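Examination of the molecular architecture
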Amino acid sequence: MLATGATVSTAGLAQVDREKIYQWINELSSPETRENALLELSKKRESVADLAPMLWHSCGTIAALLQEIVNIYPSINPPTLTAHQSNRVCNALALLQCVASHVETRSAFLAAHIPLFLYPFLHTVSKTRPFEYLRLTSLGVIGALVKTDEQEVINFLLTTEIIPLCLRIMESGSELSKTVATFILQKILLDDTGLAYICQTYERFSHVAMILVSSVM
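Just so we're clear, the structure is a prediction, and the values are computed from it rather than from any experiment. (Residues numbered from 1 in each chain as written. Predicted model: local features only at pLDDT ≥ 70, side-chain atom pairs only at ≥ 80, totals over all residues. Heavy atoms only, no water.)

Quick notes on helix α5 (residues 83–101)
With 19 residues, α5 extends 26 Å between its outermost C-alpha atoms, agreeing within 8% with the 27 Å of an ideal straight helix rising 1.5 Å per residue. Looking at α5, one finds that the buried residues are Ser86, Val89, Cys90, Asn91, Ala92, Leu93, Ala94, Leu95, Leu96, Cys98, Val99 and Ala100. Lining the buried residues of α5 we find α2 (34–44), α3 (51–57), α4 (61–72), α6 (106–111), α7 (119–122) and α8 (129–146). (Helix = DSSP H or I, 4+ residues; strand = E, 2+ residues; numbered from the N terminus. Expected span 1.5 Å × (residues − 1). Buried < 20%, exposed > 50% of the residue type's maximum accessible area, 1.4 Å probe, protein only. Contact = heavy atoms within 4.5 Å.)

With respect to the environment of Leu55
Within the secondary structure, Leu55 is located in helix α3. Each C-alpha atom of the pair Leu55 and Leu66 lies 12 Å from the other, and the pair is 11 residues apart in sequence. Setting aside residues up to four positions removed in sequence, Leu55 forms contacts with Ile25, Leu28, Leu41, Thr61, Ile62, Leu95 and Val99.

Points about the pattern of salt bridges
As enumerated under the stated definition, the model contains 9 salt bridges in all. A salt bridge links Lys187 to Asp149, with the shortest nitrogen-to-oxygen separation between them at 2.9 Å. On the criterion of sequence distance, the pair formed by Lys187 in helix α11 (residues 175–190) and Asp149 in the loop between α8 and α9 (151–157) is long-range, its members being 38 residues apart. Exposure remark for Lys187: the relative accessible area of 17% places this residue in the buried category. With a relative accessible area of 55%, Asp149 lands in the exposed category. Salt bridges sharing partners connect three or more residues here, namely Arg34, Glu35, Glu68 and Arg88. (Salt bridge = Lys/Arg side-chain N within 4 Å of Asp/Glu carboxyl O.)

Here we look at the nonpolar core
Within the largest apolar cluster, 61 residues are counted, with the highest numbers of intra-cluster contacts made by Leu41, Leu51, Leu96, Ile162 and Ile163. When residues of this core are assigned to their parent elements, the largest contribution, 9 residues, is made by α5. Those residues in contact with Ile162, other than ones at most four positions away along the chain, are Tyr119, Leu122, Ile142, Leu157, Ile184 and Ile188. (Core = buried A, V, L, I, M, F, W, Y, C linked by side-chain atoms within 4.5 Å.)

Structural notes on the confidence of the model for the protein chain
Low pLDDT marks stretches whose predicted atomic positions should not be read closely. Residues of the protein chain with pLDDT of at least 70 account for 92%, and the chain-wide mean is 91. Mean pLDDT across the elements of the protein chain bottoms out in helix α1 (residues 2–27) (66) and peaks in α7 (98). Counting interchain partners and residues more than four positions distant, the pLDDT-below-50 stretch residues 1–13 has 0 contacts. (pLDDT = per-residue confidence, 0-100.)

Comments concerning the packing of α4 against α5
Relative to each other, α4 and α5 sit at 140°, their axes nearing to 9 Å. Classified by the interaxial angle, the pair formed by α4 and α5 is oblique. Our pair here, α4 against α5, has a crossing hand that is left-handed. Between α4 and α5, the contacting residues are Ile62, Leu65, Glu68, Ile69 and Ile72 on the first element and Gln85, Arg88, Val89, Ala92, Leu93, Leu95, Leu96 and Val99 on the second. (Axes fitted to C-alpha atoms, helices over the stretch in contact; angles between N-to-C directions. Parallel < 35°, antiparallel > 145°, perpendicular 65-115°, else oblique. Left-handed = near helix turned anticlockwise from the far one by under 90°.)

Okay, here's the thing in structure tokens:
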């Protein structure tokens with residue numbers, strides 16, 4: 001009887017948690033409730049297996065996450081980003097990383113060119129903690145994409161400026177950012193299409209080679 005009771009109790013708790021997830025997703029659509037919803041959902045992203053499809057297919061959710069990103073653009077040039085702003089947008093980025101990681105939503109994520117919204121953050125050079133956190137979290141989204149070893153991901157990234165952005169971060173970023181940027185570049189190099197792209201011109205090859213040499217010296 002105890003085992004049955006425990007099962008019912010666990011199931012009931014899971015249902016309550018799920019109702020909270022639905023509530024927080026709905027609250028993303030309202031500017032008044034969005035900040036708390038971002039925080040709570042970002043905490044749950046590892047424990048809710050189907051959070052990514054729920055986010056992607058719920059009305060207005062991805063638009064709300066992109067709005068959080070775009071709202072920060074005026075604070076990156078000139079660099080006035082505060083810790084509070086950085087934490088809030090990084091919670092939105094964490095949810096996008098969840099979408100980028102999931103097999104059901106990854107292709108649509110790429111087709112919508114959502115990674116391009118993150119590139120302005122990778123262009124920043126400020127060494128303050130809010131900017132370092134912002135760059136690292138943005139790199140995490142791209143890292144989640146390349147981790148899957150899917151050709152579709154590499155093909156998409158090669159149409160963007162991710163290689164020069166990673167090379168610059170490998171030169172001058174924090175240790176953690178350098179590590180993630182190096183991981184992304186490594187995944188591109190391990191792909192035949194990515195390697196062929198980098199070897200296509202002397203300038204590309206020599207730039208990558210120079211940065212890799214300096215990274216291991």
